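# Notes for the structure review
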Amino acid sequence: EKTRGRGLTFSGHARQRLQARRINLDAAEINKLAQAVEKVAAKGSRSSLLLYKDLAFVAGVQSRTIITALDGESRKEHIFTNIDSAVIVG
């Protein structure tokens, strides 16, 4: 199951991670992530790491899907593989 928001799709896995880690995103924050995905899509990226505040998201760029989400504690020793771009979202 997927949830769509502001041009992004959040996979079931990502929604579970958001809920388990108590990460709540408002419309403005989702819009910032969507804009970041659009920017890396224009550069030809396929999979991107999005860093926003103390959060990290992995996005499937072509499908505009957030695949997973990590909070600051979870990402400390996490290794990100199979990405071809990274964006610091402001």
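Just above, that's the structure.
Conventions adopted
- Residues numbered from 1 in each chain as written.
- Predicted model: local features only at pLDDT ≥ 70, side-chain atom pairs only at ≥ 80, totals over all residues.
- Heavy atoms only, no water.
- Helix = DSSP H or I, 4+ residues; strand = E, 2+ residues; numbered from the N terminus.
- Buried < 20%, exposed > 50% of the residue type's maximum accessible area, 1.4 Å probe, protein only.
- Contact = heavy atoms within 4.5 Å.
- Areas by Shrake-Rupley, 256 points an atom, 1.4 Å probe, with all protein chains shown as cover.
- Lys, Arg positive; Asp, Glu negative; His and termini not counted.
- Charge placed at Lys NZ, Arg CZ, Asp CG, Glu CD.
- Core = buried A, V, L, I, M, F, W, Y, C linked by side-chain atoms within 4.5 Å.
- Salt bridge = Lys/Arg side-chain N within 4 Å of Asp/Glu carboxyl O.

## What about the overall build of the protein chain?
- Across its full length, the protein chain holds three helices and six strands.
- Mapped from its N terminus to its C terminus, the protein chain presents α and β elements in the order β-β-α-α-β-β-β-α-β.
- Projected onto its principal axes, the C-alpha coordinates of the protein chain cover approximately 30 × 25 × 25 Å.
- By the burial criterion, 43% of the 90 residues in the protein chain qualify as buried.
- Within the protein chain, residue pairs in contact and separated by at least 24 positions form 51% of the contacts whose partners lie at least 6 positions apart.
- Carbon and sulfur atoms provide 47% of the accessible area of the protein chain, an area that totals close to 5500 Å².
- Charged side chains in the protein chain number 15 positive and 9 negative. The centres of these two groups are separated by 5 Å.

## Side note on the nonpolar core
- In terms of nonpolar packing, the biggest core is built from 22 residues, with L25, L33, L50, F57 and I66 touching the most fellow members.
- Mapped onto this core, the elements with two or more residues apiece are β2 (8–10), α1 (12–20), α2 (27–42), β3 (47–52), β4 (55–60), β5 (65–70) and β6 (85–89).
- Looking at this core element by element, the count peaks at six residues for α2.
- Beyond its immediate sequence surroundings of up to four residues, L33 is in contact with L8, L25, L50, Y52, F57 and V89.

## What about the side chain of D71?
- Structurally, D71 is set in the loop between β5 and α3 (72–75).
- Look at D71: it is buried, it has no salt bridge, and the nearest opposite charge is R21 at 4.6 Å.
- Contact partners of D71, with chain neighbours within four places excluded, come to R21, I23, D54 and L55.

## Quick look at unusual backbone geometry
- You will see that K53, though not glycine, has its phi angle at about 55 degrees, which is positive.
- Secondary-structure assignment places K53 in the loop between β3 and β4.
- What makes K53 exposed here is its relative accessible area of 60%.
- Phi angles above zero are rare outside glycine, and N82 is one such case at about 55 degrees.
- Among the structural elements, N82 can be located in the loop between α3 and β6.

## Concerning the pattern of salt bridges
- Evaluated as defined, the whole model comprises three salt bridges.
- Linking K53 and E29 is a salt bridge whose minimum nitrogen-to-oxygen distance equals 3.2 Å. One end of the pair, K53, is in the loop between β3 and β4; the other, E29, is in helix α2, with 24 residues separating them in the sequence.
- Residue E29 is classed as buried on the basis of its relative accessible area of 12%.
- Of the charged contacts, one joins E38 and R64 as a salt bridge, the two residues approaching to 2.8 Å between their closest N and O atoms. Of this pair, E38 sits in helix α2 while R64 sits in the loop between β4 and β5; the two residues are 26 residues apart in sequence, bridging distant segments of the chain.

That is the geometry; function is a separate question.
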